[in-house]
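# Chain and residue survey
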Amino acid sequence: MEELDGEPIVTLIPGVDSKKKQMCFDWGPGEMLVCETSFHKKGKSETVPGCPFIYIVRKDVDVYSHILRKLFNESHGIFVGLQRIEEELTGKSRKAQLVRVSKNYRSVIRACMEEMHQAAIAAKDPASSHQFSSQVSILSAMELIWNLCEILFIEVAPAGPLLLLLLDWVRLHVCEVDSMLADVLGSENPSKHESFWNLVTILVLQGRLDEARQMLSKEADASPTSAGMCRILGDLMRTMPVLSPGNTQTLTELELKWQHWHEECERHLQDGTFVSSPHLESLCKIMLGDEAALLEQKVLLSNWFHFLVTRLLYSHPTVKPIDLHFYAQSSLDLFLGGESSPEPLDNILMAAFEFDIHQVIKECSIALSNWWFVAHLTDLLDHCKLLQSHNLYFGSNMREFLLLEYASGLFAHHSLWQLGVDYFDYCPELGRVSLELHIERIPLSTEQKALKVLRICEQRQMTEQVRSICKILAMKAVRNNRLGSALSWSIRAKDAAFATLVSDRFLMDYCERGCFSDLDLIDNLGPAMMLSDRLTFLGKYREFHRLYGDKRFVDAASLLLSLMTSQIAPRSFWMTLLTDALPLLEQKQVIFSAEQTYELLRCLEDLTSGRPVHGEPDAQQLQDDDIEATKVEMLRLSLARNLARAIIKEGSLEGS
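What you see is a predicted model, and the numbers here were worked out from it, not measured in a lab. (Residues numbered from 1 in each chain as written. Predicted model: local features only at pLDDT ≥ 70, side-chain atom pairs only at ≥ 80, totals over all residues. Heavy atoms only, no water.)

### Comments concerning the pattern of salt bridges
Under the definition given, this model contains 17 salt bridges. Measuring nitrogen to oxygen at the nearest pair gives 2.8 Å for the salt bridge that ties Glu 143 to Arg 106. Separated by 37 residues along the polypeptide, Glu 143 in helix H3 (residues 126–155) and Arg 106 in helix H2 (residues 91–122) bring together distant segments of the chain. Look at Arg 106 and you get buried, because its relative accessible area is 10%. Note that Arg 399 is salt-bridged to Asp 379, the shortest N-O span being 2.7 Å. Here Arg 399, found in helix H18 (residues 398–410), pairs with Asp 379, found in helix H17 (residues 372–383); they are 20 residues apart in sequence, far enough to count as distant. Relative accessible area serves as the criterion here: at 0%, Asp 379 is assigned to the buried category. The network of salt bridges with shared partners includes Lys 103, Arg 106, Arg 110, Glu 143 and Glu 150. (Salt bridge = Lys/Arg side-chain N within 4 Å of Asp/Glu carboxyl O. Helix = DSSP H or I, 4+ residues; strand = E, 2+ residues; numbered from the N terminus. Buried < 20%, exposed > 50% of the residue type's maximum accessible area, 1.4 Å probe, protein only.)

Encoded structure:
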């Protein structure tokens, strides 16, 4: 699968002339942005590009179909269930379980196909109807291929039962006969219906001989001249040896019985039993496996694989799986007759009949418009232990590579990305790395979506991604002036720098309004306040206000002083802290001791001295500000009075 099979398909972008203008593009995980520049290829430039639009080129547009989204959702549950039961599967139960899983996948495809068919019928404009019908054809082909792979690779049916499964396969996918049957039986005189003989022929071609006999009995009732011939042909149909599922006869016994039956059919044909009825004679030739007679029914067979199964039924009923490719190739050649070349679907089916799994996957990858089919089929075949030896040269096996591609496509959708997470989880080699890269690109349009992404990252211990998401949400909250939310996200991200920035915004807000917002958050910071010095200060400063409100003045004073002397408070906030000390200095009882008052004086002198600190007002600026100057004078006066009271009090205590 490594080689390039041909030139990639050219995608035409309306209004863009890549032959004259240089193109500008940028790759994304699931799409590409393309625009035309103002530069000619010869180097000249224009002020405006000829095409002023930016185009988004998506590699997987099927994820945007609301009907196909159901396919993706339903199959996701089957996929996850298969991964979880893998360890429990052993022996015969394993094979039965894998077949059941395969049938579940096919039922999802058929349900989606039916819904798409109804949408095509209900479509109001021809373009939509054509689009839906085209999608029905693709889904039908997918189910056809999957069903054949199920028979050949998962069921691994031996000679005998193999043909029965192939007959069911054809009957399921060539289903026009049922509507024709209902139409003919619903008429007043079925044997005179224009489609009567076509119906009988198709029933014989599909091996539905009991139903064909019933139709012939109607012809016998309506036409006494042909009654004897209908009875003889009906008896031949009834006595045809078929290996039924519950039958215990061996293949050798079946082959002997079939040989006798075949000779009897040939004898009737040579004796001219049906010579007076071309229709009955043609049916007898078909039952003999006559290739010319079969090819005359090309229109009713409709495709070469129907021709193949009918040919095997009446010529090689005990065909072995190993011989299938020989009959398949000759049937394809005979059916096409050199008039046309095989379609992509023909190549895929032929690869399956040749038991070339890798070629099947390769051809499907090229022919189908998305990775859903090959990703799930490959995963199922890998569980059947059929792909163990095939590793890709760039480090991942085929199963993982296709699952990664499919999951990447899901991440391009605004809601299906959640399914993609599980697909990445079950890719042991490159899944986690891919998930980390893709989850960082999910647009966090709402907080609810952000919380989903965050929960996914936390469950998988994706620390860097958790931090990144929390920082993004914190930035959004800051822009919207939701400081409490911003602080909460920055704490969750364990981002000290951003927590400092938000804490500064809280302090600025306090200076402007005189009170704190989001008190519940600040009051319950707990150990989180140790994330940064500024956050610690914010928490402790709020604690000071709480102590002051509870009239625990001594504790409040001690905390206020420690905030300043420990250098934890920003110098730009010192004047606010000293101003907060004024009510404590003016209390009747002495709150600050002499030593504490000296510390406050030193802090005030440091602030008002001629030693400016970068980014903060220097001494000259403070002195020029009348309001600040008044504050300073009031502080000095209060500190001096408190110092005198404290010295007297402490001296009295010592004297006593």
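### Topic: the packing of aromatic side chains
Under the counting rule described, the total for this entry stands at 19 aromatic pairs. Between Tyr 105 and Trp 146 the ring centres are 5.0 Å apart and the planes differ by 50°, which places this aromatic pair in the tilted class. Separated by 41 residues along the polypeptide, Tyr 105 in helix H2 and Trp 146 in helix H3 bring together distant segments of the chain. Measuring from centroid to centroid gives 5.0 Å for Tyr 406 and Tyr 423, while their planes differ by 85°, and the two rings are edge-to-face. With Tyr 406 in helix H18 and Tyr 423 in helix H19 (residues 417–425), this residue pair connects regions lying 17 residues apart in the sequence. In this structure Tyr 406 comes out as buried when scored by relative accessible area, which is 2%. One aromatic cluster is present, built from ring pairs that chain together Phe 72, Phe 79, Tyr 406, Tyr 423 and Tyr 426. Just above the ring of Phe 335 sits the side chain of Lys 298; from NZ or CZ to the centre is 5.4 Å. (Phe/Tyr/Trp six-rings, centres within 6.5 Å; stacked < 30°, edge-to-face > 60°. Lys NZ or Arg CZ within 6 Å of the ring centre and 35° of its normal.)

### Here's the deal with the nonpolar core
Judged by nonpolar contacts, the single largest core of 188 residues is most densely connected at Leu 166, Trp 169, Leu 233, Trp 304, Phe 353, Trp 372 and Phe 373. Sorting elements by how many residues they give to this core places H3 first, with 13 residues. For Trp 169, the contacting residues outside a window of four places in its chain are Leu 144, Asn 147, Leu 148, Ile 151, Phe 305, Val 309, Leu 349 and Phe 353. (Core = buried A, V, L, I, M, F, W, Y, C linked by side-chain atoms within 4.5 Å. Contact = heavy atoms within 4.5 Å.)

### Brief notes about the packing of helix H1 (residues 66–85) against H18
At their nearest, the axes of H1 and H18 sit 14 Å apart, and the two run at 145° to each other. Classified by chirality, the crossing of H18 by H1 is left-handed. On H18, the residues that touch Phe 72, Phe 79 and Gln 83 of H1 are Arg 399, Leu 403, Tyr 406 and Leu 410. Among the residues forming the contact of H1 with H18, the class breakdown is 5 nonpolar, 1 polar and 1 charged. (Axes fitted to C-alpha atoms, helices over the stretch in contact; angles between N-to-C directions. Left-handed = near helix turned anticlockwise from the far one by under 90°. Nonpolar A, V, L, I, M, F, W, Y, C, P; charged D, E, K, R; others polar.)

### Some words on the side chain of Glu 363
Among the secondary structure elements, Glu 363 is positioned in helix H16 (residues 357–367). It is Lys 362 that comes nearest to the buried, bridge-free Glu 363 among opposite-charge side chains, at 6.4 Å. Looking at Glu 363, its side chain comes within polar contact range of the side chain of Gln 359, at 2.8 Å. When neighbours within four sequence positions are excluded, Glu 363 is seen to be in contact with Asn 347 and Ile 348. (Lys, Arg positive; Asp, Glu negative; His and termini not counted. Polar contact = N/O pair within 3.5 Å; in protein donor to acceptor, adjacent residues only side chain to side chain.)

### Thoughts on empty space enclosed by the protein
Using the criterion set out here, one finds 2 cavities of 30 Å³ or more in the structure. By volume, the largest cavity is sized at about 90 Å³. Around the largest cavity, the lining residues are Gly 160, Leu 163, Leu 164, Leu 167, Met 240, Pro 241, Val 242, Leu 243, Leu 254, Leu 313 and Pro 317. Looking at the lining of the largest cavity, its residues break down into 10 nonpolar, 1 polar and no charged. (1 Å grid on protein atoms, 1.4 Å probe; cavity = no way out; pocket = protein on both sides within 12 Å on 5 of 7 lines; lining within 4 Å. Points joined across faces, edges and corners; volume = space filled by probe spheres on them.)

### Considering the state of the cysteines
The final tally for this structure, using the stated rule, is 0 disulfides. Looking at Cys 284, it has no disulfide partner, and the nearest cysteine sulfur is the one in Cys 265, 5.4 Å off. (Disulfide = S-S within 2.5 Å.)

### Observations regarding the confidence of the model for the protein
Residues with a pLDDT of 70 or more make up 82% of the protein, whose mean pLDDT is 81. Per-element mean pLDDT across the protein ranges from 51 in helix H30 (residues 619–624) up to 95 in helix H15 (residues 344–353). (pLDDT = per-residue confidence, 0-100.)

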